[in-house]
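Structural overview
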Amino acid sequence: MQKAKPVLFITLFFVSVFLFATISSYGRKLNYADYVNVFLGTGGHGHTFPGATLPHGMVQLSPDTRLSGWDGCSGYHYSDSSIIGFSHTHLSGVGIGDYGDILFMPFTGVEKLRYGTEENPDAGYRSRFSHSNETGRPGYYQVFLLDDSINVELTATDRAGFHRYTYPKGENARLIIDMEPTIHNHQHPETEITIVNDSTIEGMKYTKGWARNHYVYFYAVFSKPFSYTLYNDTNSIGEGKSVIAKTSKAVLNFKLQKSENTVLAKVGISSVDKEGAKKNLTAEIPNWEFDQIAENAYKTWNEELNKIEIKSKDKNDLAIFYTSLYHTAINPSLASDVDGRYRTMNHDIALDKNYKNYTVFSLWDTYRALHPLYTIIKPEKNQEFIKALLHKYDEGGLLPKWELASNETGTMIGYHAVSVIVDAYMKDQCDFDKQKALEACMRSSIYDTTGVSSMIPKDILHEKMMPPALKYKNEQGYIPSDKCKKSVAQGLEFAYNDWLIAQFARSLGKPEIYSKYQKLSKNYMNYFDDSTKLMRGRLSNGAWVSPFDPVSLGYSTDYVEGNAWQWSWFVPQDIAGLTSLMGGRAAFEARLDSLFTMSSKLTGDPNAAADVTGLIGQYAHGNEPSHHIAYLYNYADKPWKTEQLVDKIMHEFYSNKPDGISGNEDCGQMSAWYILSSLGFYPVCPGNPVYSIGRPLFDEAIIHLPNNKTFTIRTQNNSPKNKFVKEIKLNNNKISNFEITHQAIMAGGLLEFTMDDKPLH
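Residues numbered from 1 in each chain as written. Predicted model: local features only at pLDDT ≥ 70, side-chain atom pairs only at ≥ 80, totals over all residues. Heavy atoms only, no water.

Side note on the overall build of the protein
Scanning the protein for helices and strands turns up 19 helices and 41 strands. Computed over the C-alpha atoms, the radius of gyration of the protein is 26 Å, within 12% of the 27 Å expected from 2.2 N^0.38 for a compact globule of 761 residues. Its C-alpha atoms give the protein principal-axis dimensions of about 80 × 60 × 50 Å. Relative to its 761 residues, the protein shows a buried fraction of 63%. Sequence separation of 24 or more characterises 69% of the internal contacts of the protein that already satisfy a separation of 6 or more. Summed over its atoms, the accessible surface of the protein is roughly 26,100 Å², and 49% of this surface lies on carbon and sulfur atoms. (Helix = DSSP H or I, 4+ residues; strand = E, 2+ residues; numbered from the N terminus. Rg over C-alpha atoms; globule rule 2.2 N^0.38 Å. Buried < 20%, exposed > 50% of the residue type's maximum accessible area, 1.4 Å probe, protein only. Contact = heavy atoms within 4.5 Å. Areas by Shrake-Rupley, 256 points an atom, 1.4 Å probe, with all protein chains shown as cover.)

Structural notes on the packing of helix α3 (residues 290–305) against helix α4 (residues 315–327)
One way to put it is that α3 packs onto α4 with a least axis distance of 10 Å and a crossing angle of 105 degrees. By the criterion of interaxial angle, the relationship of α3 to α4 is roughly perpendicular. The segment α3 lies against α4, with Trp-301, Glu-304 and Leu-305 engaging Tyr-322, Leu-325 and Tyr-326. By residue class, the composition of the contact of α3 with α4 is 5 nonpolar, no polar and 1 charged. (Axes fitted to C-alpha atoms, helices over the stretch in contact; angles between N-to-C directions. Parallel < 35°, antiparallel > 145°, perpendicular 65-115°, else oblique. Nonpolar A, V, L, I, M, F, W, Y, C, P; charged D, E, K, R; others polar.)

With respect to the confidence of the model for the protein
Per-residue pLDDT for the protein has a mean of 95; in total, 96% of the residues score no lower than 70. Every residue in residues 1–28 is under pLDDT 50, and counting partners more than four places away or in other chains gives 54 contacts. (pLDDT = per-residue confidence, 0-100.)

Regarding the environment of Ala-329
Here Ala-329 is to be found in the loop between α4 and β21 (333–334). Between the C-alpha atom of Ala-329 and that of Asp-291, which follows or precedes it by 38 residues, the distance is 23 Å.

Some remarks on the nonpolar core
With 218 residues, the main nonpolar core has Phe-222 and Phe-681 as its most contacted residues. At 12 residues, helix α12 (residues 487–507) tops the list of elements feeding residues into this core. (Core = buried A, V, L, I, M, F, W, Y, C linked by side-chain atoms within 4.5 Å.)

Some thoughts on the packing of helix α17 (residues 639–652) against helix α18 (residues 669–679)
At a minimum axis separation of 11 Å, α17 and α18 run at an interaxial angle of 130 degrees. Classified by the angle between their axes, α17 and α18 sit oblique to one another. For the element pair α17 and α18, the recorded crossing hand is left-handed. From α17, Val-646, Ile-649 and Met-650 reach across to α18, where they touch Trp-673, Tyr-674, Ser-677 and Ser-678. (Left-handed = near helix turned anticlockwise from the far one by under 90°.)

A few points about the pairing of strand β9 (residues 150–156)
The buried fraction of β9 amounts to 7 of the 7 residues, a majority that puts the element mostly inside the structure. The side-chain alternation of β9 yields two buried faces, one formed by Ile-150, Val-152, Leu-154 and Ala-156 and the other by Asn-151, Glu-153 and Thr-155. Relative to β9, strand β8 (residues 140–145) runs antiparallel, the two being bridged by 6 bridges. In the strand pairing of β9, Tyr-140 is matched with Thr-155. Between β8 and β9, which follow one another and run antiparallel, lie 4 residues, and Ser-149 among them has a positive phi close to 55 degrees. In terms of strand pairing, β9 meets strand β10 (residues 160–166) through 6 bridges, oriented antiparallel. When the bridges of β10 are listed, Val-152 appears paired with Tyr-165. The antiparallel pairing of β9 with β10 creates a hairpin that spans 3 residues between the two strands. (Pairing = 2+ DSSP bridges.)

Quick notes on the environment of Glu-153
Secondary-structure assignment places Glu-153 in strand β9. Separated by 19 residues in the primary sequence, Glu-153 and Glu-134 place their C-alpha atoms 9.8 Å from one another. The contact partners of Glu-153, leaving out residues within four places of it in the chain, are Tyr-140, Tyr-141, Gln-142, Phe-162, His-163, Arg-164 and Phe-290. At 2.7 Å, the side chain of Glu-153 forms a polar contact with the side chain of Tyr-140. (Polar contact = N/O pair within 3.5 Å; in protein donor to acceptor, adjacent residues only side chain to side chain.)

A few points about α17
Across its 14 residues, α17 extends 20 Å between first and last C-alpha, which sits within 8% of the 20 Å expected from 1.5 Å per residue. With respect to burial, α17 is a largely interior element, 10 of its 14 residues being buried. Close packing links the buried residues of α17 with α16 (585–597), β32 (615–616), β33 (619–620), α18, β35 (690–693) and β38 (724–730). (Expected span 1.5 Å × (residues − 1).)

Re the pattern of salt bridges
When the charged atoms of two side chains with opposite charge come close together, those side chains can pair. Applying the stated criterion across every chain, the model contains 44 salt bridges. Close ionic contact of Arg-164 with Glu-153 constitutes a salt bridge, the shortest N to O distance being 2.9 Å. Here Arg-164, found in strand β10, pairs with Glu-153, found in strand β9; they are 11 residues apart in sequence, far enough to count as distant. Relative accessible area serves as the criterion here: at 15%, Arg-164 is assigned to the buried category. Assessed through its relative accessible area of 5%, Glu-153 is described here as buried. (Salt bridge = Lys/Arg side-chain N within 4 Å of Asp/Glu carboxyl O.)

Some details on the sheet that holds strand β12 (residues 187–197)
Spatially, the 9 strands line up as an open sheet ordered β7-β8-β9-β10-β19-β14-β13-β12-β17, and their pairing is antiparallel. In this open sheet, the two strands that pair with only one neighbour each are β7 (134–137) and β17 (242–245). For this sheet the average axis-to-axis angle between neighbouring strands, irrespective of direction, equals 15 degrees. When β12 meets β17, the two strands line up antiparallel, connected through 4 bridges. Paired with Thr-194 across the bridge in β17 is Ser-242.

Examining the packing of aromatic side chains
Applying the stated criterion across every chain, the model contains 36 aromatic pairs. Plain terms: the ring middles of Tyr-654 and Tyr-674 are 4.9 Å apart, the flat faces sit at 45 degrees to each other, and that makes the pair tilted. Placement of Tyr-654 in the loop between α17 and α18 and of Tyr-674 in helix α18 is noted, with a sequence separation of 20 residues between them. Both residues of the pair, Tyr-654 and Tyr-674, count as buried. An aromatic cluster is built from Tyr-32, Tyr-35, Phe-321, Tyr-322 and Phe-698, whose rings are joined through pairwise contacts. We note Arg-343 situated over the ring of Tyr-215; from NZ or CZ to the ring centre the distance is 4.1 Å. Above the ring of Trp-364, the side-chain terminus of Arg-368 is found at 4.7 Å from the ring centroid. (Phe/Tyr/Trp six-rings, centres within 6.5 Å; stacked < 30°, edge-to-face > 60°. Lys NZ or Arg CZ within 6 Å of the ring centre and 35° of its normal.)

Focus: unusual backbone geometry
Trans peptide bonds make up most of the peptide bonds, and negative phi angles are found at most residues other than glycine. Between Asn-331 and Pro-332 the backbone carries a cis peptide bond, its omega angle lying at -5 degrees. In this structure, Pro-332 sits in the loop between α4 and β21. Residue Ser-546 is joined to Pro-547 through a cis peptide bond whose omega torsion reads 0 degrees. Here Pro-547 lies in the loop between β29 (534–535) and β30 (552–553). Not every positive phi belongs to a glycine, and Asp-428 is a case in point at roughly 60 degrees. Among the secondary structure elements, Asp-428 is positioned in the loop between α8 (417–426) and α9 (434–444).

Observations regarding the side chain of Glu-134
Counting through the fold element by element, Glu-134 comes out in strand β7. Buried charge without a partner: Glu-134 forms no salt bridge, and the closest opposite charge is Arg-126, 13 Å away. A distance of 2.8 Å separates polar atoms of two side chains, one belonging to Glu-134 and the other to Tyr-76. A polar contact is formed between the side chain of Glu-134 and the side chain of Tyr-141, at a distance of 2.6 Å. (Lys, Arg positive; Asp, Glu negative; His and termini not counted.)

Quick look at helix α2 (residues 274–284)
Every buried residue of α2 is accounted for by Lys-274, Gly-276, Ala-277, Asn-280, Leu-281 and Glu-284. The buried residues of α2 occupy one face: seen down the axis, they fall within an arc of 160 degrees. Its side-chain oxygen at 3.3 Å from the backbone nitrogen of Glu-275, Asp-273 defines the N-terminal cap of α2. (Arc of directions from axis to C-beta.)

This is the structure we're talking about:
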């Protein structure tokens with residue numbers, strides 16, 4: 001690989017690219033998309049990626065800097081200094097790695113068939129880069145590869161990626177397509193690359209990873225003709241035009257005139273077949289107008305972000321807000337081809353032009369704030385997601401828990417597709433079959449492994465989708481700690497999910513079902529230890545688990561990604577009942593005070609602490625079980641404590657920096673918490689169409705509702721010092737209970753806050 005060109009050349013080249021890409025912005029004036037910092041969350045443990053994608057698009061075309069380790073889940077980490085290549089699929093903010101499919105890497109000079117290491121990039125085709133020579137905005141990414149002086153630009157449509165490579169003049173313009181790299185280095189039993197003609201390649205990659213059966217097909221067309229060599233791993237296959245192997249690779253040599261140094265690549269992908277990838281590409285990128293596709297991507301994002309109009313003098317707050325809104329629109333992602341075909345949960349290929357399939361449902365995270373946000377700003381899209389969940393129920397026999405690439409991973413606990421469905425239904429958003437939905441919700445709540453798709457692996461079915469914990473909670477009223485791991489966390493989430501089913505059944509006129517599930521929703525009481533005032537595991541004989549360390553973490557404990565102090569507040573469906581267990585409002589408030597003021601020291605397994613970050617006392621904002629807790633002071637008649645804490649969380653755990661998220665982004669949940677909280681309200685209990693009021697961050701926010709109405713939040717006397725709410729008015733009527741209904745928001749109008757520097761006791 002060549003040495004880097006002189007610094008002057010790099011600087012002049014980069015400055016010209018930078019001016020074109022970010023200052024002139026194709027002649028645009030500033031828009032909300034310009035506030036987005038695509039690198040926010042790529043450092044720390046945010047696990048986001050900076051590359052090009054569209055709202056809920058199939059393609060996430062982004063650089064890969066690392067493929068292993070927990071902080072490699074998105075393929076990119078801001079602390080890295082070399083790039084392996086550019087692949088077409090990525091997950092946003094997850095805690096388990098997958099995807100990173102169909103990697104392209106341009107180079108000059110001698111070919112290298114391995115990607116090398118961070119410590120020694122010269123051992124492979126990996127290239128060094130600098131953040132000073134890297135830019136990005138919604139739908140566009142650019143980086144200058146220092147080792148070979150190649151400028152790379154990426155943009156995307158829904159189902160296709162578009163690359164533009166500017167090589168140094170006079171050098172060989174080459175590219176490797178490598179099917180080996182996969183995020184977290186998952187197995188790929190079969191890959192394929194076929195040369196269609198001297199400017200076109202197609203292929204397939206089959207991976208067995210977090211998604212046990214993951215198929216990606218691609219169809220790539222280049223703007224310049226090429227000669228090629230195909231490889232089975234590092235072995236050339238000679239004159240053949242196709243290679244099928246565990247590790248297929250292709251090295252292309254572009255035939256450029258002396259005056260030429262730019263090569264473009266259009267790449268369609270599909271989970272169906274190569275013909276689907278070709279159709280997707282042909283439909284979405286019919287020409288070679290890279291700048292126009294990038295401009296279209298920008299406009300699409302700007303329209304998406306204009307759903308909420310923020311007015312603030314603080315540019316960092318605007319960047320955090322609009323980057324958060326950007327992150328909420330990446331997943332779930334499209335999984336239907338332009339011709340209406342898609343891969344089912346049984347891995348059949350179906351055709352339905354009236355249905356859009358979606359994937360990446362991180363429901364344990366996103367039911368809390370992301371889907372409730374959708375019910376406000378894009379309920380029609382949320383209905384599409386619910387229809388996809390119900391389709392997957394028809395195909396696989398169960399509602400998804402954590403679906404990925406038409407695979408059920410069974411990750412996390414509870415059955416929170418129920419939360420998404422019932423929350424929408426209770427908000428009068430029901431463009432789906434209600435009776436089927438109730439049936440599907442109930443099916444998730446019982447221990448029955450029959451009638452389930454054979455494509456769900458037995459270990460996932462019996463240990464995760466239909467765990468014995470379901471049987472115990474239904475028959476015994478609690479989950480014995482000596483029979484099941486995660487007993488307390490599972491039991492608390494099951495109780496909430498069962499409450500949702502009860503509300504759904506009552507609304508549909510099913511009193512017997514309502515009575516049954518309402519009783520099950522009270523099972524949380526069976527975990528409450530009156531001597532410690534905490535939720536605690538108990539054994540089959542009813543005795544409490546002992547010894548008991550309420551700040552201990554571990555993957556084999558009674559809790560999930562947290563401890564007793566963090567999980568003891570998860571009773572969103574019955575806060576009054578939890579308050580009573582704790583001894584009344586004064587005692588409830590005192591326990592909350594203890595949570596937020598006690599030592600942040602954690603014991604137990606130090607590896608488990610990676611998920612428990614953003615600590616205030618034992619409150620952990622970096623993980624989802626804590627997300628509603630700051631709002632619980634409202635239920636103790638101490639709203640000023642909610643306001644103070646929400647203000648602290650927004651300012652201390654979110655920033656306009658690469659490490660500006662205090663934990664995994666989690667497919668939009670961390671960002672959705674910020675968006676709703678900064679607007680001044682939060683859904684403590686999805687399924688109850690009411691929001692708890694906190695502390696609005698901005699002077700004015702205008703939500704452009706889908707019914708052509710607007711809901712404006714205006715904050716008087718607003719400043720960092722004035723963090724306490726003095727008065728609230730909705731359409732000039734005072735609000736005293738610190739709640740606002742979903743109906744009131746969707747009706748449009750004006751919510752006015754008057755702020756003060758002193759708490760309103």
